[in-house]
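Secondary and tertiary structure notes
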Amino acid sequence: MEPRLLLFFLLASIACNVSADDRPNILLLLTDDQDVVLGSFDHMPHLKTHLQDKGVTFENGFVHTPICCPSRSQILTGRYTHHGVAHNNSRSGNCYGDDWMNKIENKHTYAIHAKEAGYHTAYAGKYLNAYGYGDEKKVPPGWDRWFGLVGNSIYYNYSIIEGGIGRNMTVKRHGDDYAKDYLPDLLFNQTMKHLDELPEPWLIVLSWPSPHGPFTPAPWAKDTMAGFKAPRTESYNASSEFQEQKHWLLRQLQPISNSTAAEVDVYYQRRLETLKSVDDHIDKIMSKLDRKGQDPVVVYTSDNGFQFGQHRLAMDKRHLYENDIRVPFVVRGPGIPGPKKWSKIVVNIDIAPTFMDIIGLPEAKKGMDGISFWDYVRGKTDHEFQNRRDLLISYHGEGDPNCGMAMCPPVYDGVWWMPDSFNNTYNCVRTLAVDENSIYCRFEDDQSFVEFYDIAKNPHQLANDYPTLNQVERQKYEYRLKELLK
(Lines give C-alpha, C1' and ligand atoms only; values in the text may rest on other atoms or scores of the structure.)
Protein backbone atom coordinates (compact mmCIF):
# COMPACT_ATOMS: atom_id res chain seq x y z
CA MET A 1 0.00 0.00 0.00
CA GLU A 2 1.25 3.48 -0.85
CA PRO A 3 2.73 5.16 2.27
CA ARG A 4 0.52 8.24 1.92
CA LEU A 5 -2.59 6.04 1.71
CA LEU A 6 -1.47 4.04 4.73
CA LEU A 7 -0.93 7.27 6.65
CA PHE A 8 -4.43 8.42 5.67
CA PHE A 9 -6.07 5.26 7.05
CA LEU A 10 -3.96 5.44 10.21
CA LEU A 11 -4.98 9.04 10.87
CA ALA A 12 -8.63 8.22 10.12
CA SER A 13 -8.50 5.35 12.62
CA ILE A 14 -7.00 7.61 15.29
CA ALA A 15 -9.66 10.24 14.61
CA CYS A 16 -12.42 7.68 15.06
CA ASN A 17 -10.95 6.52 18.36
CA VAL A 18 -10.62 10.07 19.62
CA SER A 19 -14.19 10.77 18.58
CA ALA A 20 -15.40 7.71 20.49
CA ASP A 21 -13.37 8.70 23.55
CA ASP A 22 -14.85 12.20 23.41
CA ARG A 23 -18.36 10.89 24.00
CA PRO A 24 -19.68 12.15 27.34
CA ASN A 25 -19.76 10.03 30.46
CA ILE A 26 -23.28 9.46 31.84
CA LEU A 27 -24.41 9.53 35.49
CA LEU A 28 -27.99 8.59 36.37
CA LEU A 29 -29.06 9.54 39.90
CA LEU A 30 -32.34 7.88 40.83
CA THR A 31 -34.33 8.30 44.03
CA ASP A 32 -37.28 6.17 45.12
CA ASP A 33 -40.78 7.68 45.63
CA GLN A 34 -39.56 11.28 45.69
CA ASP A 35 -42.39 13.76 45.31
CA VAL A 36 -42.02 17.10 43.60
CA VAL A 37 -45.54 18.50 44.06
CA LEU A 38 -45.30 18.42 47.88
CA GLY A 39 -41.95 20.14 48.12
CA SER A 40 -39.30 17.52 48.98
CA PHE A 41 -37.24 18.92 46.12
CA ASP A 42 -37.06 22.26 47.93
CA HIS A 43 -34.88 21.01 50.81
CA MET A 44 -31.83 19.90 48.83
CA PRO A 45 -29.42 22.87 48.59
CA HIS A 46 -26.50 20.86 47.15
CA LEU A 47 -28.69 19.51 44.39
CA LYS A 48 -29.65 23.07 43.54
CA THR A 49 -26.03 24.28 43.54
CA HIS A 50 -24.51 21.42 41.55
CA LEU A 51 -27.34 20.39 39.24
CA GLN A 52 -30.15 22.94 38.95
CA ASP A 53 -27.91 26.01 38.88
CA LYS A 54 -25.73 24.41 36.22
CA GLY A 55 -28.34 22.65 34.14
CA VAL A 56 -31.96 22.33 33.10
CA THR A 57 -34.86 21.71 35.47
CA PHE A 58 -37.83 20.24 33.63
CA GLU A 59 -40.89 21.57 35.43
CA ASN A 60 -43.12 18.97 33.81
CA GLY A 61 -41.36 15.69 34.53
CA PHE A 62 -43.70 12.67 34.47
CA VAL A 63 -43.65 8.90 34.79
CA HIS A 64 -45.69 6.60 32.60
CA THR A 65 -46.59 4.35 35.57
CA PRO A 66 -46.54 5.75 39.13
CA ILE A 67 -45.15 2.69 40.89
CA CYS A 68 -41.63 1.40 41.46
CA CYS A 69 -40.95 -1.70 39.35
CA PRO A 70 -42.90 -0.77 36.21
CA SER A 71 -41.36 2.70 36.21
CA ARG A 72 -37.84 1.33 36.68
CA SER A 73 -38.29 -1.18 33.87
CA GLN A 74 -39.50 1.69 31.67
CA ILE A 75 -36.42 3.76 32.52
CA LEU A 76 -34.20 0.81 31.58
CA THR A 77 -35.91 0.21 28.22
CA GLY A 78 -37.70 3.37 27.11
CA ARG A 79 -40.88 1.34 26.68
CA TYR A 80 -44.49 1.72 27.69
CA THR A 81 -45.89 -1.01 29.95
CA HIS A 82 -47.91 -2.70 27.22
CA HIS A 83 -44.72 -3.30 25.23
CA GLY A 84 -43.36 -6.07 27.42
CA VAL A 85 -41.97 -4.51 30.60
CA ALA A 86 -43.18 -4.94 34.19
CA HIS A 87 -46.80 -4.00 34.85
CA ASN A 88 -46.75 -4.32 38.64
CA ASN A 89 -44.34 -5.06 41.51
CA SER A 90 -44.75 -8.86 41.49
CA ARG A 91 -42.91 -11.61 39.62
CA SER A 92 -46.22 -12.60 38.03
CA GLY A 93 -46.49 -8.99 36.88
CA ASN A 94 -43.11 -9.37 35.11
CA CYS A 95 -41.16 -7.56 37.81
CA TYR A 96 -38.03 -9.61 37.25
CA GLY A 97 -40.27 -12.31 35.84
CA ASP A 98 -39.39 -14.84 33.17
CA ASP A 99 -40.43 -12.63 30.27
CA TRP A 100 -38.34 -9.78 31.64
CA MET A 101 -35.23 -11.92 32.05
CA ASN A 102 -35.56 -13.89 28.81
CA LYS A 103 -37.00 -11.35 26.39
CA ILE A 104 -36.17 -7.85 27.62
CA GLU A 105 -33.23 -7.66 30.01
CA ASN A 106 -30.83 -9.56 27.77
CA LYS A 107 -31.57 -7.47 24.66
CA HIS A 108 -33.30 -4.17 25.25
CA THR A 109 -31.88 -2.24 28.24
CA TYR A 110 -29.70 0.82 27.92
CA ALA A 111 -26.93 -1.16 29.67
CA ILE A 112 -26.85 -3.75 26.88
CA HIS A 113 -26.67 -1.03 24.24
CA ALA A 114 -24.06 0.96 26.15
CA LYS A 115 -21.79 -2.10 26.22
CA GLU A 116 -22.32 -2.54 22.48
CA ALA A 117 -21.20 1.06 22.01
CA GLY A 118 -18.02 0.56 24.03
CA TYR A 119 -19.10 2.15 27.31
CA HIS A 120 -18.04 0.83 30.72
CA THR A 121 -21.05 0.36 32.97
CA ALA A 122 -21.70 0.26 36.72
CA TYR A 123 -24.81 0.05 38.88
CA ALA A 124 -25.28 0.52 42.62
CA GLY A 125 -28.63 0.29 44.38
CA LYS A 126 -32.22 -0.78 44.02
CA TYR A 127 -32.95 -2.41 40.68
CA LEU A 128 -36.39 -4.03 40.36
CA ASN A 129 -38.57 -4.85 43.37
CA ALA A 130 -38.53 -8.63 42.86
CA TYR A 131 -34.86 -8.83 41.85
CA GLY A 132 -32.84 -11.56 43.57
CA TYR A 133 -35.68 -13.31 45.37
CA GLY A 134 -35.68 -17.10 45.72
CA ASP A 135 -33.06 -19.10 43.87
CA GLU A 136 -32.88 -16.66 40.95
CA LYS A 137 -29.74 -14.77 41.91
CA LYS A 138 -27.66 -13.37 39.08
CA VAL A 139 -26.08 -10.20 37.78
CA PRO A 140 -28.22 -8.63 35.05
CA PRO A 141 -26.47 -8.58 31.65
CA GLY A 142 -24.74 -5.43 30.45
CA TRP A 143 -23.05 -4.37 33.68
CA ASP A 144 -19.27 -4.38 34.22
CA ARG A 145 -19.70 -3.54 37.90
CA TRP A 146 -22.80 -4.55 39.80
CA PHE A 147 -23.85 -3.80 43.39
CA GLY A 148 -27.55 -4.58 43.44
CA LEU A 149 -30.07 -4.61 46.28
CA VAL A 150 -32.12 -7.79 46.63
CA GLY A 151 -35.78 -6.80 46.61
CA ASN A 152 -37.41 -3.54 47.62
CA SER A 153 -36.03 -0.42 49.26
CA ILE A 154 -34.84 -0.70 52.84
CA TYR A 155 -32.06 0.89 54.88
CA TYR A 156 -30.79 -1.91 57.13
CA ASN A 157 -30.95 -5.73 57.20
CA TYR A 158 -30.79 -6.46 53.49
CA SER A 159 -28.74 -8.47 50.97
CA ILE A 160 -26.51 -7.22 48.16
CA ILE A 161 -25.60 -9.14 45.01
CA GLU A 162 -22.19 -8.02 43.78
CA GLY A 163 -20.39 -8.94 40.58
CA GLY A 164 -20.26 -7.94 36.94
CA ILE A 165 -18.85 -8.99 33.58
CA GLY A 166 -15.81 -11.18 34.22
CA ARG A 167 -16.20 -10.93 38.00
CA ASN A 168 -17.28 -13.54 40.54
CA MET A 169 -20.77 -13.05 41.93
CA THR A 170 -21.24 -12.84 45.70
CA VAL A 171 -24.27 -12.40 47.93
CA LYS A 172 -23.69 -10.57 51.20
CA ARG A 173 -26.11 -10.05 54.06
CA HIS A 174 -25.95 -6.73 55.92
CA GLY A 175 -27.15 -5.90 59.42
CA ASP A 176 -28.12 -2.76 61.29
CA ASP A 177 -24.82 -1.05 62.12
CA TYR A 178 -24.98 2.49 60.73
CA ALA A 179 -21.24 2.73 60.01
CA LYS A 180 -21.18 -0.53 58.04
CA ASP A 181 -24.71 -1.13 56.82
CA TYR A 182 -26.69 2.06 56.17
CA LEU A 183 -27.63 1.35 52.57
CA PRO A 184 -27.65 4.89 51.11
CA ASP A 185 -24.06 5.39 52.32
CA LEU A 186 -22.91 1.99 51.02
CA LEU A 187 -24.30 2.82 47.59
CA PHE A 188 -22.61 6.21 47.65
CA ASN A 189 -19.26 4.65 48.63
CA GLN A 190 -19.59 2.11 45.84
CA THR A 191 -20.35 4.87 43.33
CA MET A 192 -17.28 6.84 44.41
CA LYS A 193 -15.27 3.67 43.82
CA HIS A 194 -16.80 3.30 40.37
CA LEU A 195 -15.83 6.90 39.58
CA ASP A 196 -12.22 6.12 40.49
CA GLU A 197 -11.90 2.78 38.75
CA LEU A 198 -14.11 2.73 35.67
CA PRO A 199 -12.36 3.68 32.38
CA GLU A 200 -13.96 6.36 30.23
CA PRO A 201 -16.42 6.58 28.64
CA TRP A 202 -18.63 5.28 31.42
CA LEU A 203 -22.29 5.00 32.32
CA ILE A 204 -22.83 4.86 36.09
CA VAL A 205 -26.13 4.52 37.97
CA LEU A 206 -26.69 5.35 41.64
CA SER A 207 -30.15 4.22 42.73
CA TRP A 208 -30.88 5.17 46.34
CA PRO A 209 -33.66 3.61 48.45
CA SER A 210 -34.39 7.11 49.73
CA PRO A 211 -36.90 8.48 50.49
CA HIS A 212 -38.99 5.27 50.20
CA GLY A 213 -40.51 3.76 53.35
CA PRO A 214 -39.62 2.84 56.04
CA PHE A 215 -38.19 6.40 55.89
CA THR A 216 -35.06 5.75 57.95
CA PRO A 217 -32.73 8.77 58.06
CA ALA A 218 -29.05 8.60 58.92
CA PRO A 219 -28.50 9.23 62.66
CA TRP A 220 -26.90 12.61 61.94
CA ALA A 221 -29.99 13.71 59.98
CA LYS A 222 -32.57 12.59 62.52
CA ASP A 223 -34.82 15.44 63.71
CA THR A 224 -33.13 17.97 61.42
CA MET A 225 -36.52 18.57 59.79
CA ALA A 226 -38.53 18.59 63.02
CA GLY A 227 -41.69 20.63 62.70
CA PHE A 228 -42.20 20.02 59.00
CA LYS A 229 -45.63 18.57 58.32
CA ALA A 230 -47.29 17.13 55.23
CA PRO A 231 -48.64 20.10 53.25
CA ARG A 232 -52.35 20.68 53.78
CA THR A 233 -53.16 21.17 50.11
CA GLU A 234 -56.71 21.79 48.92
CA SER A 235 -57.05 18.08 48.15
CA TYR A 236 -55.76 17.02 51.59
CA ASN A 237 -58.43 14.95 53.34
CA ALA A 238 -60.90 15.84 50.58
CA SER A 239 -64.57 16.07 51.45
CA SER A 240 -67.15 13.42 50.59
CA GLU A 241 -68.57 15.79 47.99
CA PHE A 242 -65.42 15.28 45.91
CA GLN A 243 -64.53 11.71 46.89
CA GLU A 244 -67.92 10.46 45.71
CA GLN A 245 -67.05 11.65 42.20
CA LYS A 246 -63.98 9.42 41.96
CA HIS A 247 -63.44 5.77 41.07
CA TRP A 248 -64.57 2.93 43.33
CA LEU A 249 -61.44 2.57 45.47
CA LEU A 250 -61.28 6.22 46.47
CA ARG A 251 -64.99 6.26 47.26
CA GLN A 252 -64.27 3.70 50.01
CA LEU A 253 -61.68 5.81 51.85
CA GLN A 254 -62.76 7.39 55.12
CA PRO A 255 -61.72 10.88 56.28
CA ILE A 256 -58.23 11.13 57.72
CA SER A 257 -58.45 11.22 61.51
CA ASN A 258 -56.31 13.42 63.74
CA SER A 259 -54.25 10.42 64.87
CA THR A 260 -53.63 9.30 61.28
CA ALA A 261 -52.70 12.87 60.30
CA ALA A 262 -50.16 13.01 63.14
CA GLU A 263 -48.64 9.69 62.00
CA VAL A 264 -48.43 10.92 58.42
CA ASP A 265 -46.66 14.09 59.55
CA VAL A 266 -43.97 12.01 61.28
CA TYR A 267 -43.36 10.03 58.11
CA TYR A 268 -43.22 13.22 56.03
CA GLN A 269 -40.54 14.62 58.34
CA ARG A 270 -38.53 11.40 58.17
CA ARG A 271 -38.72 11.36 54.36
CA LEU A 272 -37.18 14.81 54.21
CA GLU A 273 -34.48 13.64 56.60
CA THR A 274 -33.61 10.62 54.44
CA LEU A 275 -33.02 13.04 51.57
CA LYS A 276 -30.37 14.84 53.63
CA SER A 277 -28.04 11.92 52.88
CA VAL A 278 -28.88 12.04 49.18
CA ASP A 279 -28.12 15.76 49.06
CA ASP A 280 -24.83 15.22 50.90
CA HIS A 281 -23.88 12.47 48.46
CA ILE A 282 -24.62 14.73 45.49
CA ASP A 283 -22.30 17.36 46.93
CA LYS A 284 -19.46 14.90 47.35
CA ILE A 285 -19.96 13.20 43.98
CA MET A 286 -20.09 16.43 41.99
CA SER A 287 -17.16 17.90 43.91
CA LYS A 288 -15.14 14.79 43.08
CA LEU A 289 -16.05 15.06 39.41
CA ASP A 290 -15.01 18.72 39.42
CA ARG A 291 -11.63 17.81 40.91
CA LYS A 292 -11.18 15.14 38.25
CA GLY A 293 -12.07 17.62 35.52
CA GLN A 294 -14.98 15.44 34.38
CA ASP A 295 -18.29 16.88 33.19
CA PRO A 296 -20.66 13.94 32.61
CA VAL A 297 -24.25 14.16 31.50
CA VAL A 298 -26.09 13.92 34.83
CA VAL A 299 -29.77 13.01 34.99
CA TYR A 300 -31.51 13.26 38.36
CA THR A 301 -35.04 11.93 38.75
CA SER A 302 -37.31 9.56 40.70
CA ASP A 303 -39.35 6.48 39.78
CA ASN A 304 -42.66 8.06 40.89
CA GLY A 305 -44.14 10.78 43.06
CA PHE A 306 -46.03 10.42 46.33
CA GLN A 307 -49.19 11.33 48.27
CA PHE A 308 -49.47 12.54 51.85
CA GLY A 309 -53.16 12.85 52.59
CA GLN A 310 -54.31 14.08 49.19
CA HIS A 311 -57.72 12.66 48.20
CA ARG A 312 -57.72 10.87 51.62
CA LEU A 313 -54.75 8.75 50.52
CA ALA A 314 -52.77 8.89 53.75
CA MET A 315 -49.57 7.68 52.08
CA ASP A 316 -48.54 6.10 48.80
CA LYS A 317 -48.38 6.49 45.03
CA ARG A 318 -49.87 4.36 42.15
CA HIS A 319 -52.79 6.72 41.41
CA LEU A 320 -53.53 9.02 38.49
CA TYR A 321 -53.17 12.30 40.35
CA GLU A 322 -50.43 14.88 39.86
CA ASN A 323 -48.80 14.01 43.21
CA ASP A 324 -48.15 10.48 41.93
CA ILE A 325 -47.21 10.99 38.28
CA ARG A 326 -45.00 14.09 38.56
CA VAL A 327 -41.32 13.65 39.45
CA PRO A 328 -38.21 15.81 39.80
CA PHE A 329 -36.20 15.90 36.58
CA VAL A 330 -32.88 17.74 36.25
CA VAL A 331 -30.22 17.42 33.54
CA ARG A 332 -26.74 18.97 33.39
CA GLY A 333 -23.67 18.27 31.30
CA PRO A 334 -21.47 19.46 28.43
CA GLY A 335 -23.23 21.89 26.13
CA ILE A 336 -26.28 22.15 28.41
CA PRO A 337 -27.01 25.75 29.51
CA GLY A 338 -27.90 26.60 33.06
CA PRO A 339 -29.64 27.56 35.13
CA LYS A 340 -32.74 26.98 33.04
CA LYS A 341 -36.32 25.98 33.85
CA TRP A 342 -38.22 24.49 30.93
CA SER A 343 -41.87 23.61 30.65
CA LYS A 344 -41.68 20.91 27.95
CA ILE A 345 -42.97 17.44 28.81
CA VAL A 346 -40.28 14.95 29.75
CA VAL A 347 -41.05 11.36 30.72
CA ASN A 348 -39.17 8.50 32.37
CA ILE A 349 -39.30 6.57 29.06
CA ASP A 350 -37.25 9.39 27.45
CA ILE A 351 -34.12 8.50 29.42
CA ALA A 352 -33.14 5.36 27.47
CA PRO A 353 -33.46 6.92 23.99
CA THR A 354 -31.54 9.96 25.20
CA PHE A 355 -28.72 7.68 26.35
CA MET A 356 -28.73 6.05 22.90
CA ASP A 357 -28.09 9.41 21.25
CA ILE A 358 -25.35 10.25 23.75
CA ILE A 359 -23.47 6.97 23.25
CA GLY A 360 -23.77 7.21 19.46
CA LEU A 361 -26.18 4.33 18.88
CA PRO A 362 -29.35 6.04 17.61
CA GLU A 363 -30.49 2.92 15.77
CA ALA A 364 -31.10 1.28 19.18
CA LYS A 365 -34.02 3.69 19.71
CA LYS A 366 -36.11 1.51 17.42
CA GLY A 367 -38.76 -0.15 19.56
CA MET A 368 -38.59 2.54 22.26
CA ASP A 369 -41.64 4.66 23.02
CA GLY A 370 -39.75 7.56 24.58
CA ILE A 371 -38.30 10.57 22.79
CA SER A 372 -34.67 11.63 23.19
CA PHE A 373 -34.14 15.06 24.75
CA TRP A 374 -30.40 15.16 23.97
CA ASP A 375 -30.62 17.72 21.15
CA TYR A 376 -33.19 19.83 22.93
CA VAL A 377 -31.22 20.29 26.17
CA ARG A 378 -28.23 21.47 24.12
CA GLY A 379 -30.27 24.21 22.46
CA LYS A 380 -30.90 22.46 19.16
CA THR A 381 -34.25 22.30 17.40
CA ASP A 382 -36.00 18.97 17.91
CA HIS A 383 -39.53 19.06 16.58
CA GLU A 384 -40.50 15.62 17.86
CA PHE A 385 -39.57 16.44 21.46
CA GLN A 386 -40.74 20.06 21.35
CA ASN A 387 -44.10 19.32 19.74
CA ARG A 388 -45.19 16.50 22.03
CA ARG A 389 -48.45 17.48 23.69
CA ASP A 390 -49.46 14.34 25.59
CA LEU A 391 -48.34 11.05 27.09
CA LEU A 392 -49.85 7.78 28.23
CA ILE A 393 -50.31 7.08 31.96
CA SER A 394 -51.03 3.42 32.82
CA TYR A 395 -51.41 1.39 35.96
CA HIS A 396 -52.41 -2.24 36.66
CA GLY A 397 -54.05 -2.62 40.07
CA GLU A 398 -52.96 -5.36 42.46
CA GLY A 399 -55.05 -7.23 45.00
CA ASP A 400 -55.51 -10.31 47.12
CA PRO A 401 -57.86 -12.77 45.35
CA ASN A 402 -59.71 -13.24 48.63
CA CYS A 403 -61.04 -9.70 48.65
CA GLY A 404 -59.78 -8.00 45.50
CA MET A 405 -57.89 -5.47 47.61
CA ALA A 406 -54.19 -5.14 48.36
CA MET A 407 -54.98 -5.95 52.00
CA CYS A 408 -57.75 -8.12 53.47
CA PRO A 409 -59.42 -6.45 55.25
CA PRO A 410 -58.38 -3.07 53.81
CA VAL A 411 -57.53 -0.10 56.02
CA TYR A 412 -60.07 2.47 54.87
CA ASP A 413 -59.63 4.77 57.88
CA GLY A 414 -55.91 4.68 58.76
CA VAL A 415 -52.43 4.51 57.27
CA TRP A 416 -52.88 2.01 54.45
CA TRP A 417 -49.40 1.30 53.08
CA MET A 418 -50.65 0.01 49.74
CA PRO A 419 -54.09 1.43 48.89
CA ASP A 420 -54.84 -0.69 45.84
CA SER A 421 -57.33 -3.07 44.25
CA PHE A 422 -57.75 -5.08 41.07
CA ASN A 423 -60.20 -2.52 39.72
CA ASN A 424 -57.68 0.29 40.26
CA THR A 425 -56.47 -0.42 36.71
CA TYR A 426 -56.54 2.51 34.32
CA ASN A 427 -55.12 4.18 31.23
CA CYS A 428 -54.96 7.96 30.85
CA VAL A 429 -54.15 10.61 28.29
CA ARG A 430 -52.22 13.35 30.09
CA THR A 431 -52.31 16.42 27.84
CA LEU A 432 -50.08 19.43 28.43
CA ALA A 433 -49.87 22.05 25.71
CA VAL A 434 -50.37 25.76 25.16
CA ASP A 435 -54.08 25.27 24.62
CA GLU A 436 -54.81 22.46 27.11
CA ASN A 437 -53.79 21.03 30.49
CA SER A 438 -55.87 17.96 31.33
CA ILE A 439 -55.98 14.26 32.16
CA TYR A 440 -58.57 11.77 30.88
CA CYS A 441 -58.56 8.34 32.56
CA ARG A 442 -60.62 5.24 31.82
CA PHE A 443 -60.73 2.46 34.42
CA GLU A 444 -60.90 -1.22 33.56
CA ASP A 445 -63.70 -2.00 36.00
CA ASP A 446 -67.31 -3.08 35.71
CA GLN A 447 -68.38 0.56 35.37
CA SER A 448 -65.79 1.61 32.74
CA PHE A 449 -65.47 4.56 35.07
CA VAL A 450 -63.89 7.78 33.75
CA GLU A 451 -62.16 10.56 35.61
CA PHE A 452 -61.35 13.75 33.72
CA TYR A 453 -59.74 16.88 35.12
CA ASP A 454 -59.27 20.22 33.42
CA ILE A 455 -56.13 20.89 35.43
CA ALA A 456 -55.84 24.48 34.20
CA LYS A 457 -59.08 25.24 36.06
CA ASN A 458 -59.07 22.40 38.59
CA PRO A 459 -55.39 22.01 39.60
CA HIS A 460 -56.09 19.96 42.74
CA GLN A 461 -58.27 17.48 40.84
CA LEU A 462 -61.18 17.76 43.23
CA ALA A 463 -64.44 17.69 41.25
CA ASN A 464 -64.53 15.15 38.43
CA ASP A 465 -64.93 17.24 35.25
CA TYR A 466 -66.04 14.31 33.07
CA PRO A 467 -69.74 15.38 33.04
CA THR A 468 -68.69 18.69 31.43
CA LEU A 469 -67.33 16.94 28.31
CA ASN A 470 -69.58 16.69 25.29
CA GLN A 471 -69.75 13.54 23.16
CA VAL A 472 -67.26 14.78 20.58
CA GLU A 473 -64.69 15.59 23.28
CA ARG A 474 -65.15 12.19 24.89
CA GLN A 475 -64.65 10.45 21.56
CA LYS A 476 -61.50 12.49 20.95
CA TYR A 477 -59.90 11.27 24.17
CA GLU A 478 -60.99 7.68 23.63
CA TYR A 479 -59.48 7.72 20.15
CA ARG A 480 -56.22 9.13 21.48
CA LEU A 481 -56.11 6.46 24.18
CA LYS A 482 -56.42 3.76 21.53
CA GLU A 483 -53.58 5.35 19.54
CA LEU A 484 -51.27 5.47 22.55
CA LEU A 485 -52.05 1.87 23.50
CA LYS A 486 -51.06 0.45 20.11
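Quick note: structure is the one above.
The structure reproduced in this document is the subject of the present report. In this text the structure is predicted, and so the values were computed from the model without any measurement.

Brief notes about unusual backbone geometry
Comment: phi is negative for the bulk of residues other than glycine, and the bulk of peptide bonds are trans. Following Ser-210, the chain continues to Pro-211 via a peptide bond in cis, the omega torsion being -5°. Here the bond from Cys-408 into Pro-409 is cis, since omega is -5°, no more than 30 degrees from zero. Relative to the assigned elements, Pro-409 resides in the loop between strand S11 (390-395) and strand S12 (426-433). Of note, the phi angle at Asp-223 is positive, near 70°, even though the residue is not glycine. As for its placement among the helices and strands, Asp-223 is situated in the loop between strand S7 (202-207) and helix H8 (240-243).

Digging into the sheet that holds strand S1 (residues 26-31)
Whenever strands of a sheet pair, they do so through backbone hydrogen bonds, lying parallel or antiparallel. Taken together, 10 strands build an open sheet; the order of strands is S6-S5-S4-S3-S7-S1-S8-S9-S2-S10 and the sheet is mixed. Of all strands in the sheet, those with a lone pairing partner are strand S6 (167-173) and strand S10 (340-347), marking the two edges. Between one strand axis and the next, the sheet turns by 15° as a mean value, whatever way the strands run. Together, strand S3 (120-126), strand S4 (145-149), strand S5 (159-164) and S7 form the strand contacts of helix H7 (residues 183-197), whose direction differs from that of S7 by roughly 170°.

As for the sheet that holds S12
Pairing is antiparallel in the open sheet, where four strands are placed in the order S11-S12-S13-S14. The sheet is open, and its two borders are formed by S11 and strand S14 (450-454), each paired with just one other strand. Each strand of the sheet is rotated relative to its neighbour by a mean of 10°, with strand direction disregarded. Alignment of S12 against strand S13 (residues 436-443), held across eight bridges, turns out to be antiparallel. Paired with Asn-427 across the strands is Arg-442, a residue of S13. Of the strands in this sheet, S11, S12, S13 and S14 touch helix H15 (residues 471-484), which is tilted by about 75° from S13.

Concerning H15
In a regular helix each residue adds 1.5 Å, so 14 residues correspond to 20 Å; H15 covers 20 Å between its end C-alpha atoms and thus fits that length. Buried within H15 we find Tyr-477, Leu-481 and Leu-484. Projected down its long axis, H15 carries its buried residues within an arc of 70°, all on one side. Across H15 from its buried face, at more than 90 degrees, point the exposed residues Gln-471, Val-472, Tyr-479 and Lys-482. Buried residues along H15 sit in contact with S11, S12, S13 and S14. N-capping of H15 is provided by Asn-470, with a side-chain oxygen placed 3.1 Å from the backbone N of Val-472.

Quick notes on the rules
Residues numbered from 1 in each chain as written. Predicted model: local features only at pLDDT ≥ 70, side-chain atom pairs only at ≥ 80, totals over all residues. Heavy atoms only, no water. Helix = DSSP H or I, 4+ residues; strand = E, 2+ residues; numbered from the N terminus. Pairing = 2+ DSSP bridges. Axes fitted to C-alpha atoms, helices over the stretch in contact; angles between N-to-C directions. Contact = heavy atoms within 4.5 Å. Expected span 1.5 Å × (residues − 1). Buried < 20%, exposed > 50% of the residue type's maximum accessible area, 1.4 Å probe, protein only. Arc of directions from axis to C-beta. Polar contact = N/O pair within 3.5 Å; in protein donor to acceptor, adjacent residues only side chain to side chain.

Without other data, these values stay purely geometric and don't point to any function.
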